[in-house]
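Each chain is listed here by its residues.
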Amino acid sequence: MELLPAIEENVVPCPICSGRGSTYYIENGRRFERCGCGLVFQNPRPTDAWLHQAIYQPYDEGEEHEDQMAALYDHAASVLPRGRILDIGSGPGVFVRKMRALGWEAEGIDLCVGPEMRGDFLEADLEGPFDAVTAFYVLEHVSDPHRFIQKITSLLRPGGMAYIRVPHTSPIVRLGKLIAPAWNFYHTPWHLQDFPPKLLQNLFPGWNVSWDWTQTSRGAWSRWIPFPGRSYTMMAKKTIAT
């Protein structure tokens, strides 16, 4: 594993409501704050400039990544509308290749790795409309969630689907540390925030929203935890009004 450069950081208000909260958890020296709106976010957090130049270190890569994500990709293929699809944070391109093989017109974009378009989704010149936009474990890394969602909205056709997969670590982090004390639950310093489902839904007002809790093979243990602290997928269909 490559050593990370010294983290450049700044103190920020809540990226959802601009409020402030109290310390919720500290992991690997990184402080996570819980805002009154429900968001848990890293504060201080790495600057955008640091995040763009540091080499991201994922949980898994290669065949291990493909195996971990197989159930999620199968679920997405079963619910996404046919047509054009954009995968944000496409990484090694496994999902894009799968969807092309199944008949979708699929493309991807990733900030730093993979065979698809290389670049920042928020700055890239992308030509819509798309029938679906997917983001597997991306939104927790985004410093400006509102702008991210606004761009997804602008790229989707009416009736198109945003398929957003995020971790929801905060309800289980203390119990999880007892079970797996060495595990980096907030994947510090990379995860900037942790969304409860209701808060994420509120960022898509007027959309038709549904949920799925299919787990990766790594996260399958969490199904035994008797409260809602698991990764989840929000499927939001854009209505004509939005």
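To be clear, the structure that these remarks concern was listed above.
Residues numbered from 1 in each chain as written. Predicted model: local features only at pLDDT ≥ 70, side-chain atom pairs only at ≥ 80, totals over all residues. Heavy atoms only, no water.

## Regarding the overall build of the protein chain
The criterion, for reference: Where helices and strands are cited, they refer to DSSP runs of H or I of at least four residues and of E of at least two residues respectively, numbered from the N terminus. The cut-offs for exposure are 20% and 50% of the maximum accessible area for each residue type, with area from a 1.4 Å probe on protein chains only; residues under the lower value are buried, those over the upper are exposed, and the others partly exposed. Whether two residues touch is decided by their heavy atoms; if any such pair falls within 4.5 Å, the residues are in contact.
If you tally the helices and strands in the protein chain, you get 6 helices and 13 strands. Per-residue burial for the protein chain yields a buried fraction of 52% across its 242 residues. Across the protein chain, contacts joining residues at least 24 apart in sequence account for 68% of those joining residues at least 6 apart.

## Focus on the state of the cysteines
So the rule is basically this: Any cysteine sulfur atom paired with another within 2.5 Å is treated as part of a disulfide.
Evaluated as defined, the whole model comprises 0 disulfides. Free of any disulfide, Cys17 has its nearest cysteine sulfur in Cys35, 3.3 Å distant. Assessed through its relative accessible area of 40%, Cys17 is described here as partly exposed. Judged by relative accessible area, Cys35 falls into the buried class, the value being 5%.

## Section: the side chain of Glu33
Test applied: For this analysis, a polar contact is any N or O atom pair within 3.5 Å, provided that within protein one partner can donate a hydrogen and the other can accept it, and provided that sequence-adjacent residues contribute only side-chain to side-chain pairs.
When you line up the elements, Glu33 lands in strand β3 (residues 30–35). Looking at Glu33, its side chain comes within polar contact range of the side chain of Asn43, at 3.1 Å. Ignoring any residue separated from it by four or fewer positions in sequence, one finds Glu33 in contact with Arg20, Gly21, Ser22, Thr23, Tyr24, Leu39, Val40, Phe41 and Asn43.

## Considerations on the nonpolar core
Counted only if it meets this: Take the buried residues of types Ala, Val, Leu, Ile, Met, Phe, Trp, Tyr and Cys, join any two whose side-chain atoms come within 4.5 Å, and each joined set is a nonpolar core.
Counting residues in each nonpolar core, the largest one holds 36 residues, and the members touching the most others are Ile88, Phe121, Phe148, Leu200 and Phe204. Looking at this core, the elements that each hand over two or more residues are β6 (84–88), β9 (130–136), α4 (145–155), β10 (156–166), α6 (197–202) and β13 (232–237). In terms of nonpolar packing, the next biggest core, distinct from the first, is built from 19 residues, Met69, Tyr73, Val94 and Trp104 among them.

## Some points on the sheet that holds β9
Picture the strands of a sheet paired through backbone hydrogen bonds; they go either parallel or antiparallel. The criterion, for reference: Two strands make a pair as long as DSSP finds a minimum of two bridges between them. Note on geometry: axes are lines fitted to C-alpha atoms, helical ones only across the stretch in contact, with angles between N-to-C directions running from 0 to 180 degrees.
Read from one edge to the other, the open sheet built from 7 strands follows the order β8-β7-β6-β9-β10-β13-β12, with strand pairing classed as mixed. At either end of the open sheet lies a strand with only one pairing partner, and these are β8 (117–118) and β12 (208–212). In this structure, strand β7 (residues 105–110) lies alongside β8, joined through 2 bridges in parallel fashion. Bridging across to β8, Ile109 finds its partner in Met117. Strands in contact with helix α3 (residues 94–101) are β6, β7 and β9; relative to β7, the strand with the most contacts, it is inclined by about 175 degrees. Strand contacts of α4: β6, β9 and β10, with the helix running at about 145 degrees to β10, the strand carrying the most contacts.

## A short note on the packing of aromatic side chains
Basically, it comes down to this: Ring pairs shown here join Phe, Tyr and Trp side chains whose ring centres sit within 6.5 Å, with only the six-membered ring taken for Trp; geometry is labelled stacked below 30 degrees between planes, edge-to-face above 60, and tilted in between. Each ring is checked for a lysine NZ or an arginine CZ that lies within 6 Å of its centre and within 35 degrees of its normal; such an atom marks a charge sitting over the ring.
All told, the structure shown has 11 aromatic pairs when counted by the stated rule. Their ring planes at 15 degrees and their centres at 4.1 Å tell us that Phe32 and Tyr186 sit as a pair that is stacked. Of this pair, Phe32 sits in strand β3 while Tyr186 sits in the loop between α5 (173–179) and β11 (193–194), and the two are 154 residues apart along the sequence. Summarising the burial analysis for this pair, Phe32 and Tyr186 share the class buried. Sitting over the ring of Trp104, Arg82 keeps its end group 3.9 Å from the ring centre. Taking the ring centre of Tyr24 as reference, the NZ or CZ of Arg174 above it sits at 4.7 Å.

## Section: the environment of Asp120
Here Asp120 is to be found in the loop between β8 and β9. Judged by relative accessible area, Asp120 falls into the partly exposed class, the value being 25%. Sequence separation of Asp120 and Ile88 is 32 residues, and the distance between their C-alpha atoms is 9.4 Å. Those residues in contact with Asp120 that lie beyond four places of it in its chain are His52, Ile109 and Leu111. One polar contact links Asp120 to His52, side chain to side chain, over a distance of 3.1 Å.

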